[in-house]
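# Chains, contacts and geometry: an overview
Below are the chains, spelled out letter by letter.
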Amino acid sequence: MTGTVHILQLSDTHFLEDGVDPEGGAAYDTSEAFDAVLGHIGDHGHLDMVVVTGDVADHGGAAEYRKAAEAFSQFQVPVNVCPGNHDFDAVFAAGMARPGISTSRVIEVGSWAFLFVDSSAGTMLDQDNGLRIDPPGTDRLRTHGSLGARETAWVHQMCETTSAEHVFVWLHHPPQPPVPMCRDDAYAAEWHAILNAHTKIRGLGGGHTHIPDDYELMGRPVFVSPSFKNNFFLDPQTWLPPGYRTYEFAADGSIASEVQLVDDERWPRHPFGSLLGSLFNGEITFSELDEIIARRSAAND
Ligand SMILES: [Fe+2]
């Protein structure tokens, strides 16, 4: 195959068990969002693949992955998934092991090699037996991106080994996005070194921020997909409906990608409050936000 590669990206689907309240109205019903997105996509038999860039499940629970697998099984083309900070490693791998769905680390199509990078790999703990496991408790849920030595070495090795002309990186955490709360200099430095070493990397596609956007990092485009859980635009500060991204990877190494948002009366575009703005701007942390909300609701009781 030598033509254009067509891919559709979903991210941050944050599936919940049936009957679980999506954060008291601060989040969308992600199953409803999935159905609306699938309807919006319509006929997609021409696609080469659907990619999901992590935060598949909201709490990394087995029942959440069962819902996700049922949803992803509705695509007529292969679905390949990489994990996010909400995806506990072993439960994720088992939960996504279904016909038509895979967690392959590298897929070559035409002149492109697609790498599926685990951008939380550096937060995992090494065991004496060589396995890496998640840190204890729920520490994983709010972590920034971190590749660590092993994942970094794997990316180098794949870029050196592939015979494909062009490489594109799928991952959960986009490095240095234009959202202050999601920026992490150590993680950005890991990517600077990789991009410096491999000119055949043409771009990156991620999620995590819930703020669909695209920007440049060392001359490469970085595409950020909408989420299904809640979505935002920063200027002006607005809630956005759920959505996805479409991509065309040309044989000459160029990439065209568009954000697709599924407008519906269930997800009106309306301004968000200053508290959320302070969180995105890095002026308060998630924990401080939780404390402020708890204090306010106690005062109202
Ligand atoms: Fe995330």
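Residue numbering note: each chain is counted from 1, following its sequence as written. Thresholds applied to this predicted model are a pLDDT of at least 70 for local features of residues and 80 or more for the giving and counting of side-chain atom pairs; totals over whole chains, interfaces and linings are not thresholded and use all residues. To obtain the side-chain values, all non-hydrogen atoms of the structure were used and water was disregarded.

Here the focus is the domain arrangement of the chain. The assigned domain composition of the chain is domain 1 (5-270) and domain 2 (273-301). Using C-alpha coordinates to define each centre, domain 1 is positioned 27 Å away from domain 2. With nine residues of domain 1 in contact, the opposing surface of domain 2 contributes ten residues. Both sides together, the interface formed by domain 1 and domain 2 hides about 800 Å², and carbon and sulfur atoms give 67% of it. When the area that domain 1 buries against domain 2 is broken down by residue, the three leading residues are Arg-142, Met-181 and Gln-237, summing to 61%. A carboxyl oxygen of Asp or Glu within 4 Å of a side-chain nitrogen of Lys or Arg is what we treat as a salt bridge. Inspection of the region where domain 1 meets domain 2 yields one salt bridge. In this structure, Arg-142 and Asp-290 form a salt bridge, with 3.3 Å as the shortest nitrogen-oxygen distance. Think of a polar contact as two N or O atoms within 3.5 Å of one another; within protein, one of them needs to be a possible hydrogen donor and the other a possible acceptor, and neighboring residues in sequence only count if both atoms come from side chains. Counting the contacts that link domain 1 with domain 2 gives two residue pairs in polar contact (both at pLDDT 80 or more). The numbering of helices and of strands both runs from the N terminus, where a helix is a DSSP run of H or I of at least 4 residues and a strand a run of E of at least 2. Sorting the residues of the side of domain 1 that touches domain 2 by element identifies β13 (231-234) and β14 (237-240) as the ones contributing at least two each. Following the grouping adopted for this structure description, the nonpolar residues are Ala, Val, Leu, Ile, Met, Phe, Trp, Tyr, Cys and Pro, the charged ones are Asp, Glu, Lys and Arg, and the polar ones are all others, Gly among them. Residue composition of the side of domain 1 that touches domain 2, grouped by class: seven nonpolar, one polar and one charged. For each domain, the first and last residues come from an automatic or database assignment. In what follows, residue pairs with any heavy atoms lying within 4.5 Å of each other are defined as contacts. Buried area: the accessible surface (1.4 Å probe) lost by two parts on joining, summed over both.

Glancing now at the coordination of the iron ion. Water is not part of the atom set, so a site may look incomplete; the donors themselves are N, O and S atoms within 2.8 Å of the metal, or 3.2 Å for Na, K and Ca. Protein coordination at the iron ion: the donors are Asp-55 (OD), Asn-85 (OD1), His-172 (NE2) and His-208 (ND1), at 2.2 to 2.3 Å from the metal. Considering all four donor atoms around the iron ion, the spread of angles at the metal, 82 to 168°, places the coordination shape in the irregular class. Here the donor residues of the iron ion are spaced in sequence according to D-x29-N-x86-H-x35-H. Of the two residues, Asn-85 sits in the loop between β3 (79-82) and α3 (89-95) while His-208 sits in the loop between β10 (201-206) and β11 (213-217), which places them 123 residues apart along the sequence. One exposure class covers both Asn-85 and His-208, and it is buried. Here the metal geometry follows the donor angles, with tetrahedral for four donors whose angles all fall between 85 and 135 degrees, square planar for four and octahedral for six when opposite donors are more than 155 degrees apart and every other angle is between 65 and 115, and irregular for all the rest. Only protein chains enter the accessibility calculation, which uses a 1.4 Å probe; a residue is then buried when its area is under 20% of its type maximum, exposed when over 50%, and partly exposed in between.

Judged by how many residues are buried, strand β6 (residues 112-116) sits mostly within the fold: five of five residues are covered. Pairing of strand β5 (residues 106-109) with β6, which is carried by four bridges, proceeds in the antiparallel orientation. Bridge pairing links Val-106 to Leu-115 in β6. Any two strands between which DSSP finds at least two bridges are classified as paired. The turn linking β5 back onto β6 is made up of two residues, and Gly-110 within it adopts a positive phi angle of 55°.

The next thing to look at is the pairing of strand β15 (residues 243-249). Among the seven residues that make up β15, five are buried, leaving the element largely enclosed by the rest of the structure. The pairing of strand β1 (residues 5-10) with β15 spans five bridges and is classified as antiparallel. Bridge pairing links Ile-7 to Tyr-247 in β15. With seven bridges connecting them, β15 and strand β16 (residues 255-261) associate as antiparallel partners. For Arg-245, the partnering residue across the bridge sits in β16 and is Val-259. Here β15 folds back onto β16 in antiparallel fashion, the turn holding five residues, of which Gly-253 has a positive phi close to 95°.

Along the chain, Asp-58 turns up in the loop between β2 (49-53) and α2 (62-72). Owing to a relative accessible area of 5%, Asp-58 belongs among the buried residues under this scheme. Polar side-chain contacts of Asp-58 include one of 2.8 Å to the side chain of His-14. Each residue touching Asp-58, except ones within four places of it in the same chain, is listed here: His-14, Phe-15, Leu-16, Glu-23, Glu-64, His-86, Leu-141 and Lys-229.

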